[in-house]
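# Structural features, examined
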Amino acid sequence: MTPVLFIHGLWIHASAWRPWLSLFDESGYSAQAPGWPGDGETVEDTRLHPERLAGIGIDQLTDHYAAIAAQLPQKPIVVGHSFGGLVAQKLLAADVARAAVAIDPAPIKGVRALPLAQIRSALPVVSNKANTDRAVSLTARQFRYGFGNALSRSESDQLHGFYSIPGPGRPVFELTGAKHDPSSPTRVRLDDTHRGPLLVLGGTKDHTIPEIVARQAAALYEPGSNTQYRRVEGRGHSLVFDSGWQSVAQTVLDWISEHDRAAEH
């Protein structure tokens, strides 16, 4: 069975992928969603020990998942959300993955768009430089702006209770410093002719990673024939774990199945 590796984003526990794991397992894939280094086995345990996540950056995340991929019987397909989407692109470019899907991905180096909504979503971290070496939690109100703005308040608050965990501040500062850092960990090889296929999805109501950011990231790849971009209408940053998750998951599953079949011939 083809392995599929799911990578969560900042502030969300890996358990949010459980419905996806069931769907992909039932569809004949071997799916797993390991947490970030420092994540606890549960949401509650992770909240009790935010210090385990403090100081972790993009390179550490990438190395962590590359090591997991190396233990699999074959190169996996990688599906990442938010910062997980950035890591998925890095793993694909490094030939660690055979294909990748980046859902509302944190921007790779070269993306110029910086919408006001994205800045506001990052304020819980970037408002204090000391957060570089800390783990930061979102309040229910901050979560609603960054993740649940396309949902009812009650659903947003419920998801915050179910899945929200502390997140390291370092990756956010690495993003904000990428423009002036030639060795930024957000840099990805942009020649897409020597790696597997990539699908980038952008939610049109996303505040944390506005749709234009995801679209510009996909457009950076050269020549672009091995990279696809799709808009996800009316969806915010919670699109992979809110009540509408299944439509996004089915889009991803159909794309992966199509490319998996093509690779067999």
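Described below are features of the structure shown in this document. These numbers come from a predicted model, not from an experiment.

Parameters and conventions
- Residues numbered from 1 in each chain as written.
- Predicted model: local features only at pLDDT ≥ 70, side-chain atom pairs only at ≥ 80, totals over all residues.
- Heavy atoms only, no water.
- Helix = DSSP H or I, 4+ residues; strand = E, 2+ residues; numbered from the N terminus.
- Rg over C-alpha atoms; globule rule 2.2 N^0.38 Å.
- Buried < 20%, exposed > 50% of the residue type's maximum accessible area, 1.4 Å probe, protein only.
- Contact = heavy atoms within 4.5 Å.
- Areas by Shrake-Rupley, 256 points an atom, 1.4 Å probe, with all protein chains shown as cover.
- Lys, Arg positive; Asp, Glu negative; His and termini not counted.
- Charge placed at Lys NZ, Arg CZ, Asp CG, Glu CD.
- Pairing = 2+ DSSP bridges.
- Salt bridge = Lys/Arg side-chain N within 4 Å of Asp/Glu carboxyl O.

## Remarks on the overall build of the chain
Within the chain one finds ten helices and eight strands. Taken over the C-alpha trace, the chain has a radius of gyration of 17 Å; the compact-globule value for 265 residues is 18 Å, and the two agree within 12%. Taken over the C-alpha atoms alone, the chain extends approximately 50 × 40 × 35 Å along its principal axes. When each of the 265 residues of the chain is scored for burial, the buried share is 56%. Across the chain, contacts joining residues at least 24 apart in sequence account for 76% of those joining residues at least 6 apart. Surface summary for the chain: the accessible area is close to 11,300 Å², and the carbon and sulfur share equals 50%. Looking at charge distribution, the chain has the averaged site of its 25 positive side-chain charges lying 7 Å from that of its 27 negative ones.

## Brief notes about the pairing of strand β1 (residues 3–7)
The element β1 is largely enclosed, with a buried count of five among its five residues. Residues Pro 3, Leu 5 and Ile 7 point to one face of β1 and Val 4 and Phe 6 to the other, with burial holding for every one of them. As judged from the three bridges shared by β1 and strand β2 (residues 30–32), these two strands associate in the parallel manner. Each bridged residue has a counterpart across the sheet, and for Leu 5 the counterpart in β2 is Gln 32. Across four bridges, β1 lies against strand β3 (residues 77–81) in parallel orientation.

## A look at the pattern of salt bridges
This model, assessed by the stated rule, comprises eight salt bridges. Between Glu 233 and Arg 231 there is a salt bridge, and its shortest N-O distance comes to 3.0 Å. Taking relative accessible area as the criterion, Glu 233 reaches 54% and is therefore assigned exposed. One continuous salt-bridge network, built from bridges that share partners, spans Glu 211, Arg 215, Arg 231 and Glu 233.

On their own, these measurements won't tell you what the molecule is for.
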